[in-house]
Amino acid sequence: MKLYKATTEYLQSPTAEALDEVRRLQGIVSRGDWPVIKGGIAGPKYVLDRIRGYGGAPRRPLLPMEAKDGEKMLAALQEILDHEKTL
């Protein structure tokens with residue numbers, strides 16, 4: 001939501017500072033988005049289970065994410081999770 005608001009503010013009143021903020025936020029979102037996308041359905045479910053306590057394994061015939069792959073995903077998401085805590 002913060003990225004959306006920053007983008008609409010920039011479009012209404014373009015400044016270099018506003019563009020820098022949009023780019024900064026988009027970078028954080030993009031770096032967090034790709035690891036989850038690569039994980040397919042099992043990826044977001046693993047992450048939700050680890051950070052929020054729900055999600056669990058996907059329904060069959062999909063396989064659950066391997067713990068080592070899930071932990072790598074969580075590490076890749078640390079930047080966006082840390083930023084979320086500041087909001």
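Rules and cut-offs
- Residues numbered from 1 in each chain as written.
- Predicted model: local features only at pLDDT ≥ 70, side-chain atom pairs only at ≥ 80, totals over all residues.
- Heavy atoms only, no water.
- Salt bridge = Lys/Arg side-chain N within 4 Å of Asp/Glu carboxyl O.
- Helix = DSSP H or I, 4+ residues; strand = E, 2+ residues; numbered from the N terminus.
- Buried < 20%, exposed > 50% of the residue type's maximum accessible area, 1.4 Å probe, protein only.
- Axes fitted to C-alpha atoms, helices over the stretch in contact; angles between N-to-C directions.
- Parallel < 35°, antiparallel > 145°, perpendicular 65-115°, else oblique.
- Left-handed = near helix turned anticlockwise from the far one by under 90°.
- Contact = heavy atoms within 4.5 Å.
- Nonpolar A, V, L, I, M, F, W, Y, C, P; charged D, E, K, R; others polar.
- Core = buried A, V, L, I, M, F, W, Y, C linked by side-chain atoms within 4.5 Å.
- Expected span 1.5 Å × (residues − 1).

1. A few points about the pattern of salt bridges
All told, the structure shown has five salt bridges when counted by the stated rule. As a salt-bridge pair, R24 and E21 come within 3.0 Å of each other at their nearest N and O atoms. Taken together, the residues R24 and E21, both in helix α2 (residues 16-38) and three residues apart, mark about one turn of the helix. The class of E21 is partly exposed, set by a relative accessible area of 26%.

2. Focus on the packing of helix α1 (residues 2-12) against α2
Orientation of α1 relative to α2, taken along the N-to-C sense of each, is 155 degrees, at an axis distance of 9 Å. The angle between α1 and α2 falls in the class roughly antiparallel. Every pair of crossing elements has a handedness; the one defined by α1 and α2 is left-handed. The residues of α2 that touch α1, namely those facing K2, L3, A6, T7 and Y10, are A18, L19, E21, V22, L25, Q26 and V29. A class-by-class count of the residues in the contact of α1 with α2 yields eight nonpolar, two polar and two charged.

3. Let's talk about the nonpolar core
By size, the foremost hydrophobic cluster in this structure holds eight residues: A42, Y46, V47, M65, M73, L74, L77 and L81. Secondary-structure elements contributing two or more residues to this core are α3 (42-52) and α4 (67-76). Per-element accounting of this core gives the leading share, three residues, to α3. Apart from the residues lying within four places of it in its own chain, the contact partners of Y46 are G56, M65, A67, G70, E71 and L74.

4. Structural notes on the packing of α2 against helix α5 (residues 78-86)
The interhelical angle for the contact between α2 and α5, taken along N-to-C directions, is 130 degrees, at an axis separation of 8 Å. Taken together, α2 and α5 sit at an angle that is classed as oblique. Residues R24, L25, I28, V29, R31 and G32 of α2 pack against E79, I80 and H83 of α5. In terms of residue class, the contact of α2 with α5 is made up of four nonpolar, two polar and three charged.

5. Remarks on α2
When the terminal C-alpha atoms of α2 are compared, their 33 Å separation across 23 residues agrees well with the 33 Å that a helix rising 1.5 Å per residue should span. Three or more residues of α2 are buried, namely A18, V22, L25, G27, I28, G32 and P35. Those residues of α2 that are buried lie in contact with α1, α4 and α5. One or two steps after α2, the chain reaches G40, where phi turns positive at roughly 60 degrees.

These figures come from the coordinates and say nothing about function on their own.
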